[in-house]
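What follows is the residue order along each chain.
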Amino acid sequence: MNTRNVFLMNLLLAVLWAALHADLSVTTFIVGFLFGLLLLSVAHRGYGATVVGVVGFMLFLIRAIIVSSIQVAGYVLAPTLRLDQGIIEIPLEAHSDLEIAILASSITLTPGTLSVDVGRSSTGQRVLYVHNLVMGDADAVRNSIKSDFERRILRVTRGGMTI
Amino acid sequence: MTTGQIAIIVLILLGAGFMLISAIGIVRLPDVFSRMHAAGKASTVGISCLLLGAGFFFLDEFLFYRMIVLIALIFATAPISTTALARAVYNNEPALRRQLRHDEMAGSVAEAISAPPADGDDAILTTPS
């Protein structure tokens, strides 16, 4: 069974759990979903890892957003503006549309970075162009985006997760 | 005042503060790209804090989940418009492009756009790189 089918099964178990309760509410549905998750991740080892990966990525993204909005707030409120704008090219290992869409959206959500376009480099590899408010060293930014965002997304979307 | 109320006050103040900072950013920052950073970003955090605060304040089960769904929807849709705007600005404002300190996109503009504009106004796309 692939991950999508297991997820549908999980939703089905949650509906079943909620239907068996007298008070039908979102909370019972969520509790049922969590129990189904527990059950299914015992049956399908990869599924639990995927869910852990998704939740981990969300927490990572929330943390990144909070940290960098404080940073951007600092730049905005500084007595003298010290901006250092630039666009860098990030060669993508992600190649499905879903992976690229998630990566570009999470880069845009993180303050200070903004994805501008997806294109192809001269060698034909897909690249993402990212605008930085305060750039510093181009290679350092590139590496941090690749190792933080892309690696985490690929870990979830491709199989073989070890978390 | 209970700790819950204090948490609500802190959330609402944080949200309003981030909104204020992004408004200041829109006024202070020099060009379209940097203003977009201020407008698109601080406001997502600001709105999230405000919605969470409202959810905790009313403490109604369905209202709270509605707030979570709203935050998720904002997070899913806000970056798309920001990216579309940034791309439009980049492709149509050569002057703005030249003032970037570092621009690795310069060589690829022609390939990045799938088709030149229909009205033959593609002079704007040839970058002096």
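Here goes a summary of the coordinates provided.

Reading the values: the criteria
Numbers given to residues run from 1 along each chain, matching the order in which its sequence is written. Lettering for chains starts from A, numbering for ligands starts from 1, and both go in the order in which the items are written. For this predicted model, a pLDDT threshold of at least 70 governs which residues receive local features, and a threshold of 80 or more governs which side-chain atom pairs are given and counted, while totals over whole chains, interfaces and linings are taken from all residues. Side-chain figures throughout are based on the complete set of non-hydrogen atoms in the structure, without hydrogens or water. Helix and strand labels come from DSSP, where a helix needs a run of H or I of at least four residues and a strand needs a run of E of at least two; each type is numbered from the N terminus. Think of it in three bands: residues with accessible area under 20% of the maximum for their type are buried, residues over 50% are exposed, and the middle band is partly exposed, with areas taken using a 1.4 Å probe on protein chains only. Only heavy atoms matter for contacts: two residues are in contact if any of them lie within 4.5 Å across the pair. We get accessible surface area from the Shrake-Rupley algorithm with a probe of 1.4 Å; when it comes to residues, only the shown protein chains can shield them. Two aromatic rings from Phe, Tyr or Trp, using only the six-membered ring of Trp, form a pair when their centres are within 6.5 Å; if the ring planes differ by under 30 degrees the pair is stacked, by over 60 it is edge-to-face, and anything between is tilted. When the NZ atom of lysine or the CZ atom of arginine is within 6 Å of a ring's centre and also within 35 degrees of its normal, the charge is said to sit over that ring. Here the quantity called buried area is the accessible surface, traced with a 1.4 Å probe, that two parts lose on coming together, added over both. A carboxyl oxygen of Asp or Glu within 4 Å of a side-chain nitrogen of Lys or Arg is what we treat as a salt bridge. Think of a polar contact as two N or O atoms within 3.5 Å of one another; within protein, one of them needs to be a possible hydrogen donor and the other a possible acceptor, and neighboring residues in sequence only count if both atoms come from side chains.

1. With respect to the overall build of chain A
Secondary structure summary: chain A contains five helices and three strands in total. If you list the helices and strands of chain A from N to C, you get α-α-α-β-α-β-β-α. Here chain A holds 163 residues, and 44% of them are scored as buried. Once local pairs closer than 6 in sequence are excluded, the contacts in chain A between residues at least 24 apart make up 64%. Accessible surface computed for chain A: about 8,600 Å², of which carbon and sulfur atoms make up 66%.

2. Quick word on the packing of aromatic side chains
Residue and element names in this part refer to chain A. Using the criterion set out here, one finds seven aromatic pairs over all chains in the structure. Look at Phe-7 and Phe-33: their rings are 5.9 Å apart centre to centre, the planes differ by 70 degrees, and that puts the pair in the edge-to-face class. Taken together, the residues Phe-7 in helix α1 (residues 3-19) and Phe-33 in helix α2 (residues 26-43) connect sequence positions 26 residues apart. Exposure remark for Phe-7: the relative accessible area of 39% places this residue in the partly exposed category. An aromatic cluster is built from Phe-57, Phe-60 and Phe-149, whose rings are joined through pairwise contacts. A cation over an aromatic ring shows up here: Arg-152 above the ring of Phe-60, its NZ or CZ 4.1 Å from the ring centre.

3. Examining the interface of chain A and chain B
Taken together, the contact between chain A and chain B spans 40 residues of the former and 33 residues of the latter. When chain A packs against chain B, close to 3,300 Å² is buried across both sides, 66% of that on carbon and sulfur atoms. Of all residues in chain A, the largest losses of buried area upon contact with chain B belong to Val76(A), Gln85(A) and Ile87(A), amounting jointly to 18% of the total for that side. On inspection of chain A and its partner chain B, the count reaches one salt bridge. Residues Asp117(A) and Arg87(B) are paired through a salt bridge, measuring 2.7 Å at the closest nitrogen-oxygen approach. At the junction of chain A and chain B, the tally comes to nine residue pairs in polar contact (both at pLDDT 80 or more).

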